[in-house]
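Structural characterization, general
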Amino acid sequence: MVLLACSVVIFSGALCLGMGGLIEAISPHRGLGYEDAVVTAGYALLAMGGISFWG
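In short, a report on the structure. (Residues numbered from 1 in each chain as written. Predicted model: local features only at pLDDT ≥ 70, side-chain atom pairs only at ≥ 80, totals over all residues. Heavy atoms only, no water.)

Focus: the overall build of the chain
For the chain, the helix and strand inventory stands at two helices and zero strands. Projected onto its principal axes, the C-alpha coordinates of the chain cover approximately 40 × 15 × 10 Å. Taken across its 55 residues, the chain has 13% of its residues classed as buried. Relative to all contacts within the chain whose residues are 6 or more apart in sequence, the contacts with residues 24 or more apart total 61%. For the chain, the computed accessible surface area is about 4000 Å², with 77% contributed by carbon and sulfur atoms. (Helix = DSSP H or I, 4+ residues; strand = E, 2+ residues; numbered from the N terminus. Buried < 20%, exposed > 50% of the residue type's maximum accessible area, 1.4 Å probe, protein only. Contact = heavy atoms within 4.5 Å. Areas by Shrake-Rupley, 256 points an atom, 1.4 Å probe, with all protein chains shown as cover.)

In structure tokens:
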């Protein structure tokens with residue numbers, strides 16, 4: 001169960017990183033920095049998932 005929860009957190013982190021790229025690519029408001037917060041959340045989720053997985 002714990003490994004499943006970790007994999008969901010890692011997947012959501014990867015999804016956040018992908019969404020950050022999509023925001024920058026197709027957004028009509030490019031350059032406003034919206035993607036920076038999404039990418040930061042993605043890295044945080046990846047880190048939390050990795051630490052939980054190995055911990």
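Focus on the environment of Gly 18
When you line up the elements, Gly 18 lands in helix H1 (residues 2-26). For the pair Gly 18 and Leu 32, spaced 14 residues apart in sequence, the C-alpha separation works out to 17 Å.

Comments concerning helix H2 (residues 34-54)
With 21 residues, H2 extends 31 Å from end C-alpha to end C-alpha; this agrees with the ideal 30 Å at 1.5 Å per step. Here H2 has its buried residues at Glu 35, Gly 42 and Gly 49. Looking straight down H2, one finds its buried side chains confined to an arc of 55 degrees; they lie on one side. Along H2, exposed side chains directed more than 90 degrees from the buried face belong to Ala 37, Thr 40, Tyr 43 and Ile 51. (Expected span 1.5 Å × (residues − 1). Arc of directions from axis to C-beta.)

Thoughts on the environment of Leu 3
For Leu 3, the position within the fold is in helix H1. In sequence terms Leu 3 and Gly 49 are 46 residues apart; their C-alpha atoms lie 9.3 Å from each other.

Observations concerning a nonpolar patch on the surface
Among the surface-exposed residues, Phe 11, Leu 15, Met 19, Leu 22 and Ile 26 lie close enough to one another that they form a single nonpolar patch of about 530 Å² accessible area. Take Met 19: it is sitting in helix H1. (Patch = residues over 30% accessible without salt bridge, like charges linked within 9 Å, V, L, I, M, F, W, Y side chains within 5 Å. Salt bridge = Lys/Arg side-chain N within 4 Å of Asp/Glu carboxyl O.)

Quick word on H1
Under the 1.5 Å per step criterion, the end-to-end length of H1 is 36 Å for 25 residues, consistent within 8% with the ideal 36 Å. What H1 keeps buried is the set Cys 6, Gly 13 and Gly 20. Residues of H1 that are buried sit in contact with H2.

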